[in-house]
Amino acid sequence: MADVTNLRTAAEAGLSKLFEVARMQFPTGVSIAREEAFRYFEAVGLPSRRVEAFKYTDLRAALKEAAAPAESPAAEVVRAAVQDAKGFAGIEAVRLTFVNGHLDLGASDLDRVPGQVTITPLNDALANGDPLLDRLAPVAQTRENPIYQLNAAFMADGALIRVAAGAKVETPIHLRFIGTGSAAFSTATRVLAVVEEGAEVTILESHEGPDGIAYQPNDALDVVVADRARFHHTRLNTEGQAAVALSTISARLGAESHIETVNLVVGAVLSRHQIYLHFAGENATATVNGATMLGHGQLADSTLLADHAAVGGVSRELFKTVIDGDSTGVFQGKIIVEQIAQKTDGKMKSDCLLLSDDGQMMNKPELEIFADDVACGHGATCGALDDDLLFYLMARGLPKPQAESLLVQAFLGEAVEAVSHEGARAALISEVEAWLARRG
Amino acid sequence: MLEIKNLVVQIEDNRILNGLDLTVGDGEVAAIMGPNGSGKSTLSYVIAGKVDYEVLEGEILLNGENILEMGPDERAAAGVFLAFQYPLEIPGVGTMTFLKACLNAQRKARGEGELSTPDFIRKVNAAAETLEINRDMLKRALNVGFSGGEKKRMEILQMALLQPQFCVLDETDSGLDIDALRIVSEGVNALRAEGRSFLVITHYQRLLNHIVPDTVHVMSQGRIVKSGGKELALELEASGYAEYRASEAA
Ligand SMILES: Nc1ncnc2c1ncn2[C@@H]1O[C@H](COP(=O)(O)OP(=O)(O)OP(=O)(O)O)[C@@H](O)[C@H]1O
Ligand SMILES: [Mg+2]
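Residues numbered from 1 in each chain as written. Chains lettered and ligands numbered in written order. Predicted model: local features only at pLDDT ≥ 70, side-chain atom pairs only at ≥ 80, totals over all residues. Heavy atoms only, no water.

Further remarks concern the overall build of chain A. Across its full length, chain A carries ten helices and 19 strands. Relative to the 2.2 N^0.38 estimate, which gives 22 Å for 440 residues, the radius of gyration of chain A is 21 Å and therefore close to what a compact globule would have. Each principal axis of the C-alpha atoms in chain A carries an extent, and together these give about 65 × 50 × 50 Å. The buried share of chain A, taken over its 440 residues, is 59%. Sequence-distant contacts, at least 24 apart, represent 85% of the contacts inside chain A between residues at least 6 apart. Per element, the accessible surface of chain A, about 17100 Å² overall, is 50% carbon and sulfur. (Helix = DSSP H or I, 4+ residues; strand = E, 2+ residues; numbered from the N terminus. Rg over C-alpha atoms; globule rule 2.2 N^0.38 Å. Buried < 20%, exposed > 50% of the residue type's maximum accessible area, 1.4 Å probe, protein only. Contact = heavy atoms within 4.5 Å. Areas by Shrake-Rupley, 256 points an atom, 1.4 Å probe, with all protein chains shown as cover.)

In structure tokens:
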């Protein structure tokens, strides 16, 4: 017994203590699930590199201390934070603003939600036993993920979004996450989007926060895409430079449904974005892209699980990583094709562009195929910028930094192009340009 | 305009240019002909500033100024232009984006203001029309999926837009059909002017029927071994390079 306790890190012990306090304060809904989630987490602990799924991203080493859950910030703090918020700022949208993980009604547009869409704050839903709560955690495999289970234990705020059958919602819903303050804190938010049969919606998600503060966001987006529904999702990680940012999107896909999810990463000293897709209905399609730009000291992990459990699913995954300085990129992608899922077509690719000699890219693609009539593949490339292309551009008058920028933009462009919302796509391109300009 | 003196160049310990001398005057069109592997493309890359080549001796003066210390972008801004023998495909970089970036970068380097978008588009459209370049091509990524001839036309379009002083055309005629050869040649001829000189590298006399050179130089084993007027090209067409190869061997 004594040995086991000794092996617990300060952060793990801290999380247990924090949970003891926090559990008393949450509304009662899902309290059993919370307890179970935390017990699971306690049993496995923070994953170290010895855990296969965290081989390249050692959370046990990275999280030295468990930061306390952030309090709900005062009104003037919210006002200042919202004023400075940049993520998807120019885009016409229905905004749900979370400051330090707390939904701020004053800074949100709950009063102008389009017809056929209902948005319920998570805490109201928990207090009232909202039936939509049954749709939380739509992908079974997340139950064996310590990051997701930590979120399930600590989720302090969030929202349930329901798009009625057949509704085509033009205006995107923007989940705006803003961190603020001068001391470390943690957040755990959970948003559930249920897109009912034949409906269509776009969700934008932006994350930003102060530089120099080791805050610890853990955000989860649960998605249920019903038969023939379409879900578009663009995510922007511009977290502060010292943040340790964990996130998960998990989606259950109905028959002939479609999901598009594109994640752009520039922020955080360490980030891990997890994508879980469960192809539950026949002929569902998914486009899952990532564009990551990393500089000195950063690590960004994109981990994907696509579980094809129905006939005819199509998934396309394209992850592009630009590595500068001594940064590390991680891509782990697993495609599972269950025995029943004949005619599955899954293609996964990870491309890396190395701008320095000190950086590294770790790729771990896996295919687990139990059906015989499928077309699945994966590929990975890694290389520096092409000198001949650089010469061509420079011979036309472009100074080297500009020539490099053009090629980096072209490299990332392939992943960003998939964003169907024009404004969101332009916003991602601006982020790429801004990153390149900072790089100089 | 351009003066090359005793240029000695190597790549990975292979000497490719062996004391090359060449002078191209203001407004002059000079043609270079020579056997495969004699160093013509190497010369064009060294003029444009490709880093792989090590210049051991000699200098290249553009209007009296040695350009060997300048980067390729600085040479471009100073007026050097190379139409590549094999133009490169650049996936993901839109042709218009590329053209605009180049034009404005050169203007900036010369202390001029940026071109407005309507002015830019007007210029591109005008140049594209003379070169019979399809508008759809301009919407695609640079050179991606273009035919060999289309790529060459795109090089000349860039030259027309950038209005350089010293233009090197490396086998611009290869890959062009008969009509395209005429169109491209007309494009080049339209740019002939007092303050602009050309170095035209080619294997065939037929290009020189369209772009009539002032001087013709024979290159062999990294040197200019004979120079003359436009009739020299006709002689070469008739007799080949045997004589020059022999003289080198002797
Ligand atoms: N990167 C390189 N490494 C080694 N040798 C090279 C390299 N580039 C060129 N060479 C050699 O230099 C010589 C001259 O090449 P270059 O391309 O300049 O010839 P060229 O006169 O343009 O020929 P062509 O008429 O076939 O276009 C050739 O023997 C070629 O193999
Ligand atoms: Mg050549």
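From N to C terminus, chain B includes ten helices and ten strands. The globule rule puts the C-alpha radius of gyration for 250 residues at 18 Å, and the 18 Å found for chain B is close to it. Over its C-alpha atoms, taken along the principal directions, chain B stretches across nearly 60 × 40 × 35 Å. Among the 250 residues that make up chain B, the fraction classed as buried is 54%. Carbon and sulfur atoms make up 47% of the accessible area of chain B, which totals about 10900 Å². Counting 25 positive and 36 negative side-chain charges, chain B places the centres of these two groups 5 Å from one another. (Lys, Arg positive; Asp, Glu negative; His and termini not counted. Charge placed at Lys NZ, Arg CZ, Asp CG, Glu CD.)

Further remarks concern the packing of helix α3 (residues 31-44) of chain A against helix α7 (residues 146-154) of chain A. All names here are of chain A. Viewed as axis vectors pointing N to C, α3 and α7 meet at an angle of 140°, and their least axial separation amounts to 8 Å. With respect to α7, the element α3 is oriented oblique. The way α3 lies across α7 gives a crossing that is left-handed. Contacts from R34, A37, F38, Y40, F41 and V44 of α3 reach α7 at P146, Q149, L150, A152, A153 and F154. (Axes fitted to C-alpha atoms, helices over the stretch in contact; angles between N-to-C directions. Parallel < 35°, antiparallel > 145°, perpendicular 65-115°, else oblique. Left-handed = near helix turned anticlockwise from the far one by under 90°.)

Residue and element names in this part refer to chain B. The environment of ligand 1 is made up of 15 residues, and the closest members are G37, K40, S41, T42 and H203. The contact in question runs from an oxygen atom of ligand 1 to an N or O atom on the backbone of G39, over 3.0 Å. One nitrogen or oxygen atom from the main chain of S41 is found 2.8 Å from an oxygen atom belonging to ligand 1. Here ligand 1 has 640 Å² of accessible area as a free molecule, and 63% of this is covered by the chains. (Near = heavy atom within 4 Å. Polar contact = N/O pair within 3.5 Å; in protein donor to acceptor, adjacent residues only side chain to side chain.)

In this section: the sheet that holds strand β8 (residues 216-225) of chain A. All names here are of chain A. Pairing is mixed in the open sheet, where nine strands are placed in the order β3-β4-β6-β8-β10-β12-β14-β16-β18. What marks the edges here is a single partner per strand, and that holds for β3 (117-121) and β18 (360-369). Neighbour to neighbour, the strand axes of the sheet diverge by 10° on average, direction disregarded. Both β8 and strand β10 (residues 244-253) contribute to a ladder of eight bridges, which runs parallel. Within the sheet, the bridge partner assigned to V224 lies in β10 and is R252. (Pairing = 2+ DSSP bridges.)

In this section: the nonpolar core. Ranked by size, the top nonpolar core spans 119 residues in total, and within it L7, L43 and L199 of chain B carry the most contacts. Setting aside residues up to four positions removed in sequence, L43 of chain B forms contacts with I4, L7, L17, L20, I32, L199 and M219 of chain B. Counting residues in each nonpolar core, the second largest holds 49 residues, with V117, I173, F177 and V195 of chain A among its members. (Core = buried A, V, L, I, M, F, W, Y, C linked by side-chain atoms within 4.5 Å.)

Here we take up the side chain of R34 of chain A. Residues and elements named next belong to chain A. Within the element layout of this structure, R34 appears in helix α3. Of the side chains with opposite charge, E35 comes closest to the buried, unpaired R34, at an N-O distance of 7.4 Å. Not counting residues up to four positions away in its chain, the partners in contact with R34 are F19, F26, L126, A152, A153, F154 and M155. (Salt bridge = Lys/Arg side-chain N within 4 Å of Asp/Glu carboxyl O.)

All names here are of chain B. In space, the four strands of this open sheet follow the order β2-β1-β4-β5, with antiparallel pairing throughout. With partners counted over all chains shown, the strands left at the sheet margins are β2 (14-24) and β5 (65-66), one partner each. Summarising the sheet, strand β1 (residues 2-11) and strand β4 (residues 54-62) pair through seven bridges and their orientation is antiparallel. Note on β4: the bridge partner recorded for V9 is V55. Strand contacts of helix α1 (residues 40-48): β1, β2 and β4, with the helix running at about 110° to β1, the strand carrying the most contacts.

Turning our attention to the environment of T202 of chain B. Residue and element names in this part refer to chain B. By the secondary structure assignment, T202 is in the loop between β8 (197-201) and α8 (205-210). Among residues more than four places away in sequence, those in contact with T202 are I32, M33, D173, L207 and L208. At 2.7 Å, the side chain of T202 forms a polar contact with the side chain of D173. A polar contact is formed between the side chain of T202 and the backbone nitrogen of Y204, at a distance of 3.1 Å.

This part takes up the packing of aromatic side chains. This model, assessed by the stated rule, comprises 13 aromatic pairs over all chains. A ring pair is formed by Y45 of chain B and Y53 of chain B, whose centres lie 6.0 Å apart and whose planes are at 25°; its orientation type is stacked. Overall, Y45 of chain B belongs to the buried group, its relative accessible area being 17%. Among the aromatic residues, those joined into a cluster by ring pairs are F391 and Y392 of chain A together with Y45, Y53, F84 and F98 of chain B. Seen from the ring of F54 of chain A, R272 of chain A lies directly overhead, with NZ or CZ sitting 3.7 Å from the centre. (Phe/Tyr/Trp six-rings, centres within 6.5 Å; stacked < 30°, edge-to-face > 60°. Lys NZ or Arg CZ within 6 Å of the ring centre and 35° of its normal.)

Moving on to the coordination of the magnesium ion (ligand 2). Four donors placed tetrahedrally around a metal ideally meet at 109.5 degrees, and six donors placed octahedrally ideally meet at 90 or 180 degrees. The protein atoms donating to the magnesium ion (ligand 2) are S41 of chain B (OG) and Q85 of chain B (OE1), with metal-donor distances spanning 2.0 to 2.3 Å. Here S41 of chain B is found in helix α1, whereas its partner Q85 of chain B is found in the loop between β6 (80-83) and α3 (95-109), with 44 residues between them in sequence. (Donors = N, O, S within 2.8 Å, 3.2 Å for Na, K, Ca; no water.)

The positions UniProt marks with the feature "domain: SUF system FeS cluster assembly SufBD N-terminal" (unreviewed entry) are residues 31-174 of chain A. Counting secondary structure, residues 31-174 of chain A comes out at 31% helix and 15% strand; the distance between its end C-alpha atoms is 28 Å. (UniProt positions renumbered as here; feature names shortened; annotations may be inferred.)

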